[in-house]
Amino acid sequence: MRRFVPRGDSVTWVATIILVALVVLGAVRFDHFASLANLGNILGDYGYIGIAAVGATLVIVSGGIDLSVGSVVAFTAVALAALVNGGMHPLAASALALAFGTAIGATMGWFITWFELPPFIVTLVGMFAVRAACFLVSGESTAIAHPYLDRVASGWDVPLGDGGALPFRGVLLLVLVAVGVVIARLTTFGRNLFAIGGNARAASMMGVSVAATTIGAYAVAGFCSALGGVVFTFYKRAGDPTAAQGLELSVIAAVVIGGTRLSGGVGSVVGTLVGVLILGVIRLLIDFQGDLNAAWTSVAIGGLLLAFVGIQQVIGAIATRFASGPEEVTHGIDRSA
């Protein structure tokens, strides 16, 4: 007897349905809600979150976690402010920031694998250490002024059909999501991430270099966090050592709502993009409502996060039950892009 067992990407489809439902709700209640201009605004406003979330997806798929995202974003901002105001071109300063982010991510991955430490503890230490470094670089918010930033802000947007525009940071997010899909689906590195997240011991027995893959995942996550910090800095035009506090929680929420399982082994970069869009649409609904406090955004996101964790548990339990039974199954939990 053939039975259907939910796939690992079922949660991503649930998230997509919820996203469509939210957009339909907004379109019914408010004029001009479902417009290309608003889509461009969401991708622009949440671009740096989505960019950091792509790297976080790869880490969580491998069974890890990264709590240093917000600190790396803030350090990138203050470092860029110091370097650019000191006379360095923004592109050169951005390259240094990306190198730092990659290095701090690889260092945390090395500590996790070499000393067999919990990722939560290592990245928590990284969060505190990098945040302290922010205040060592600058104790206060510093504005950034450079002609190149003006050209990026005004000349790199993509016009949309209804008079709006997709900011360059939104374009960069979409490009990075495409790169993330390629990594997850078409590379040995991506396959190894899913194997380690599913069962690290079994992956090691099959010849997967768990240490190298884990370090690589955290290096990519550090790069994405730093890139998110560059985008954030270009967007805000300032470096603030207190910026992006709690950003890692928004990033993790977007990843989990998009269908990536916190215990690893199942995840979707495209789903993460859906999760980011859900966060943006919820905030847009509250803004359009007008009489609601912005704090309700956090309440709604928290409720969705709890619901999606529950959905993942149910799907995992169903798949495990039927996959271990005598019946032939049509699908098991598997990886997705």
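Computed from a predicted model, the values in this text were never measured in an experiment.

## With respect to a nonpolar patch on the surface
A cluster of nonpolar side chains, Trp-110, Phe-111, Trp-114, Phe-115 and Leu-117, forms an exposed patch at the surface whose accessible area comes to about 530 Å². The residue Trp-110 is located in helix α5 (residues 90-114) in this model. Assessed through its relative accessible area of 36%, Trp-110 is described here as partly exposed.

## What to know about the layout of surface pockets
What the largest pocket holds in volume is close to 400 Å³. Lining the largest pocket are 18 residues, and of these Val-152, Phe-168, Val-230, Val-231 and Phe-234 sit closest to its centre. Where the lining of the largest pocket is concerned, the elements lending two or more residues are α5, α7 (147-155), α8 (168-186) and α11 (210-236). The leading source of residues in the lining of the largest pocket is α11, at five residues. When the residues that make up the lining of the largest pocket are grouped by side-chain class, the tally is 15 nonpolar, one polar and two charged.

## A closer look at the environment of Ala-93
Here Ala-93 lies in helix α5. Distance from Ala-93 to Leu-80, taken between C-alpha atoms, is 5.9 Å for residues 13 residues apart in sequence. The residues contacting Ala-93, other than those within four sequence positions of it, are Leu-80, Leu-83, Val-84 and Met-88.

## Section: the confidence of the model for the protein
For the protein, the mean per-residue pLDDT works out to 89, and 91% of the residues sit at or above 70. Low pLDDT (under 50) marks residues 1-6, which in the prediction has 22 contacts with non-local residues, meaning those over four places away or in another chain. Overall, residues 327-336 carries pLDDT values under 50, and its contacts beyond four positions in sequence, including any with other chains, amount to 39 contacts.

## Thoughts on the nonpolar core
One finds Phe-75, Val-177, Leu-247, Val-251, Ile-278, Val-281 and Ile-282 to be the most contacted residues of the largest nonpolar core, which totals 76 residues. Broken down by element, the residue count for this core peaks at twelve residues, all from helix α13 (residues 269-289). If you look at the next biggest cluster of nonpolar residues, it comprises twelve residues, including Leu-58, Val-61, Ile-112 and Tyr-218.

## A few points about the side chain of Thr-76
By the element assignment, Thr-76 lies in helix α4 (residues 69-85). Not counting residues within four places of it along the chain, the set of residues in contact with Thr-76 comprises Ala-97, Ala-226, Gly-229, Val-230 and Thr-233.

## Here's the deal with the packing of α8 against helix α9 (residues 188-198)
Two numbers describe how α8 lies on α9: the axes approach to 5 Å, and their chain directions differ by 70°. Between α8 and α9, the interaxial angle falls into the category roughly perpendicular. Residues Ile-183, Ala-184, Arg-185 and Leu-186 of α8 form the contact with α9, whose own contacting residues are Thr-188, Phe-189, Gly-190, Arg-191 and Phe-194. Grouping the amino acids of the contact of α8 with α9 by side-chain chemistry returns five nonpolar, two polar and two charged.

## As for the packing of aromatic side chains
The final tally for this structure, using the stated rule, is nine aromatic pairs. Ring centres of Phe-75 and Phe-100 lie 4.4 Å apart, and the angle between their planes is 35°; this geometry places the pair in the tilted category. Taken together, the positions of Phe-75 in helix α4 and Phe-100 in helix α5 put the pair 25 residues apart, joining distant regions of the chain. On the basis of relative accessible area, Phe-75 is assigned to the buried category, the value being 13%. A relative accessible area of 28% means that Phe-100 is categorised as partly exposed. Measuring from centroid to centroid gives 5.6 Å for Phe-111 and Phe-115, while their planes differ by 25°, and the two rings are stacked. Residue classification places Phe-111 among the partly exposed positions, given a relative accessible area of 35%. Residue Phe-115 is classed as partly exposed on the basis of its relative accessible area of 43%. Grouped by ring-pair contacts, the aromatic residues Trp-110, Phe-111, Trp-114 and Phe-115 constitute a single cluster. The ring of Tyr-235 has Arg-169 lying over it, and the distance from NZ or CZ to the ring centre is 3.9 Å.

The rules we used
- Residues numbered from 1 in each chain as written.
- Predicted model: local features only at pLDDT ≥ 70, side-chain atom pairs only at ≥ 80, totals over all residues.
- Heavy atoms only, no water.
- Patch = residues over 30% accessible without salt bridge, like charges linked within 9 Å, V, L, I, M, F, W, Y side chains within 5 Å.
- Areas by Shrake-Rupley, 256 points an atom, 1.4 Å probe, with all protein chains shown as cover.
- Salt bridge = Lys/Arg side-chain N within 4 Å of Asp/Glu carboxyl O.
- Helix = DSSP H or I, 4+ residues; strand = E, 2+ residues; numbered from the N terminus.
- Buried < 20%, exposed > 50% of the residue type's maximum accessible area, 1.4 Å probe, protein only.
- 1 Å grid on protein atoms, 1.4 Å probe; cavity = no way out; pocket = protein on both sides within 12 Å on 5 of 7 lines; lining within 4 Å.
- Points joined across faces, edges and corners; volume = space filled by probe spheres on them.
- Nonpolar A, V, L, I, M, F, W, Y, C, P; charged D, E, K, R; others polar.
- Contact = heavy atoms within 4.5 Å.
- pLDDT = per-residue confidence, 0-100.
- Core = buried A, V, L, I, M, F, W, Y, C linked by side-chain atoms within 4.5 Å.
- Axes fitted to C-alpha atoms, helices over the stretch in contact; angles between N-to-C directions.
- Parallel < 35°, antiparallel > 145°, perpendicular 65-115°, else oblique.
- Phe/Tyr/Trp six-rings, centres within 6.5 Å; stacked < 30°, edge-to-face > 60°.
- Lys NZ or Arg CZ within 6 Å of the ring centre and 35° of its normal.

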